[in-house]
Amino acid sequence: MPDLVPEIPVDLTARPISLRLAVACVALIWLTVSEWAEMAHQWWDIDTYSHILLIPPIIAWLAWTRRHQLAKVEKRGWLPALGWVVFGLLAWLLGRNAGINLIAQAGAVTALQGAVMAFLGLRAALILAFPLAYMVFLIPFGDEIIPPLQSITAEIAAALTQWSGIATVADGIRIDTPAGLFIVAEECSGVKFLIAMVALGVLVAHTCLTSWKRRAWFMLSCLIVPIVANGIRAWATIFLAQYVGAETAGGFDHIVYGWLFFGIVIALVLGVAWRWFDRVPEEAGWTASEVASLPLLERWEGRALSANLALLVVLAIAMLFAVLGRLG
């Protein structure tokens, strides 16, 4: 007697919807290709944003952990999400015309978020809420906080230098000592570690913690610890320079100030917080049953939008903004 093979249900609608979604995403990326190219350049060539190279695989992994819950919901187009696509492209167009890369790049990412929601539907979007929201970390940002970070680092380093018994004259980001004058440059502000730590903190807070109070404390540590640690690193360089010279101390600092330093900070924060982790990443996020029980869900869903119609509308929107972009 031949072996009996259990029948596995297959969602026959998933493949055509995914194909149409892929076409829509390609169209939106083609429209905003200059912004995606600029972001890719920043990820690859600017050390401050090199951690973003890890964000796409993290998003893919987050979506993969939700696959079992996604299989339990119907994939149906959601008309209001097309408004999110339009909103994103409006931000892209305004940012591009105004020469503000941050706004233009945020608009490009927002448009992709809207496309995913428009094709997969509200229920699937709620299950994928965190991976979709985490796409914000694809956008290079943080230059705006470099000046205050330089000042904070200088204040910490100057205070520790004085407490170490070293004659110090501090003036803003300039710290004068017997071994020489030290200036907290933009590269020493700690911005790259702070941004990367916030991205990591948001990921860990969502996937490993259930209590909002614990999440708040953890995120606070992800903000404070890198800033304080960077100030200590700057002080250590100044302190070492008093004995071995500024040039030697600077060379040592460039070695320590790489990802080795960041790795130590990560190990410190995660090591302390580890005991309060109360779930595994696969459990993070809404389940299909929790989404189904949400009040007013059906009212917000409205009538289903076919994948073909959604694709036509997205392509029409992309063409419209392509024309508007040329006119601008």
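Heads up: the structure comes first, above all this text.
Residues numbered from 1 in each chain as written. Predicted model: local features only at pLDDT ≥ 70, side-chain atom pairs only at ≥ 80, totals over all residues. Heavy atoms only, no water.

> Account for the sheet that holds strand S1 (residues 169-171), naming residues and giving values.
In spatial order, the strands read S1-S2-S3; together these 3 strands make up an open sheet with antiparallel pairing. Of all strands in the sheet, those bounded by a partner on one side alone are S1 and strand S3 (180-183). Within the sheet, the average angular offset between the axes of one strand and its neighbour, ignoring direction, is 15°. Here S1 runs beside strand S2 (residues 174-177); their pairing, made up of 3 bridges, is antiparallel. Residue pairing for S2: Ala-170 is matched across the bridge by Ile-175. (Pairing = 2+ DSSP bridges. Helix = DSSP H or I, 4+ residues; strand = E, 2+ residues; numbered from the N terminus. Axes fitted to C-alpha atoms, helices over the stretch in contact; angles between N-to-C directions.)

> Lay out the nonpolar core with the relevant residues and their values.
Residues Leu-28, Trp-36, Leu-89, Phe-119, Tyr-134, Leu-138 and Phe-218 are the most contacted members of the largest nonpolar core, which totals 83 residues. With 12 residues, the single largest contributor to this core is helix H10 (residues 191-208). Ignoring any residue separated from it by four or fewer positions in sequence, one finds Leu-89 in contact with Leu-28, Leu-31, Thr-32, Gly-107, Ala-111, Ile-317 and Phe-321. Within the second largest apolar cluster, 9 residues are counted, among which are Ala-157, Ala-158, Phe-182 and Ile-238. (Core = buried A, V, L, I, M, F, W, Y, C linked by side-chain atoms within 4.5 Å. Buried < 20%, exposed > 50% of the residue type's maximum accessible area, 1.4 Å probe, protein only. Contact = heavy atoms within 4.5 Å.)

> Explain the pairing of S3 residue by residue, including any values.
As paired strands, S2 and S3 are joined by 4 bridges and run antiparallel to one another. Bridged to Ile-175 within S3 is Phe-182. The antiparallel hairpin formed by S2 and S3 contains 2 residues in its connecting segment.

> Tell me about a nonpolar patch on the surface, and name the residues and values.
A cluster of nonpolar side chains, namely Trp-217, Leu-220, Leu-223, Ile-224, Val-228 and Ile-232, defines an oily patch on the protein surface of about 540 Å² accessible area. On the accessibility criterion, Trp-217 (56% relative accessible area) is exposed. (Patch = residues over 30% accessible without salt bridge, like charges linked within 9 Å, V, L, I, M, F, W, Y side chains within 5 Å. Areas by Shrake-Rupley, 256 points an atom, 1.4 Å probe, with all protein chains shown as cover. Salt bridge = Lys/Arg side-chain N within 4 Å of Asp/Glu carboxyl O.)

> Could you give an account of the environment of Ala-234, naming the residues involved and the relevant values?
Among the structural elements, Ala-234 can be located in helix H11 (residues 212-244). The sequence separation of Ala-234 and Val-184 amounts to 50 residues, and the corresponding C-alpha distance is 8.0 Å. When neighbours within four sequence positions are excluded, Ala-234 is seen to be in contact with Thr-153 and Ala-157.

> Describe in detail the layout of surface pockets, supporting the description with residues and values.
Using a probe with the size of a water molecule, rolled over the atoms, empty space left in the structure can be pinpointed. Within this model, the largest pocket holds a volume of roughly 820 Å³. Elements with a contribution of two residues or more to the lining of the largest pocket: helix H1 (14-31), helix H3 (55-65), helix H4 (67-70), helix H6 (101-120) and helix H8 (129-134). Residues belonging to the lining of the largest pocket are distributed by class as follows: 20 nonpolar, 2 polar and 3 charged. Its boundaries defined by the atoms lining it, the second largest pocket holds a volume of some 390 Å³. Around the second largest pocket sit 20 residues that line it, and Phe-130, His-206, Arg-215, Arg-279 and Gly-285 are the ones nearest its centre. Among the elements of the structure, H3, helix H7 (122-127), H8, H10 and H11 are those that each provide at least two residues to the lining of the second largest pocket. Sorting elements by how many residues they give to the lining of the second largest pocket places H10 first, with 4 residues. Residue composition of the lining of the second largest pocket, grouped by class: 13 nonpolar, 4 polar and 3 charged. (1 Å grid on protein atoms, 1.4 Å probe; cavity = no way out; pocket = protein on both sides within 12 Å on 5 of 7 lines; lining within 4 Å. Points joined across faces, edges and corners; volume = space filled by probe spheres on them. Nonpolar A, V, L, I, M, F, W, Y, C, P; charged D, E, K, R; others polar.)

> Give a detailed account of the pairing of S2, specifying residues and quantitative values.
Here is the key point about a regular strand: its side chains alternate between the two faces of the sheet. On S2, burial follows the alternation: Ile-175 and Thr-177 on one face are buried, whereas Arg-174 and Asp-176 on the facing-out side are not. Hairpin geometry of S1 and S2 is characterised by an intervening segment of 2 residues between the two adjacent antiparallel strands and by a positive phi of about 65° at Gly-172.

> Quick one: what's the story with helix H2 (residues 33-45), residue by residue and with numbers?
Between the first and last C-alpha of H2 there are 18 Å, a value that for 13 residues agrees with the 18 Å anticipated at 1.5 Å per step. Among the residues of H2, those classed as buried are Glu-35, Trp-36, Met-39, Gln-42 and Trp-43. One side of H2 carries all its buried residues, which in axial view fall inside an arc of 120°. Residues of H2 that are exposed and angled more than 90 degrees away from the buried face: Trp-44 and Asp-45. (Expected span 1.5 Å × (residues − 1). Arc of directions from axis to C-beta.)

> Explain unusual backbone geometry to me, using residue names and the numbers behind them.
Positive phi values are uncommon outside glycine, yet Leu-296 reaches one of about 65°. Looking at the element boundaries, Leu-296 is found in the loop between helix H14 (288-292) and helix H15 (297-301).

> If you had to explain the side chain of Thr-161 to someone new, which residues and values would you point to?
Summarising the element assignment, Thr-161 is placed in helix H9 (residues 146-163). Among all residues touching Thr-161, those that are not within four sequence positions of it are Ile-166, Thr-168, Thr-177, Trp-235 and Ile-238.

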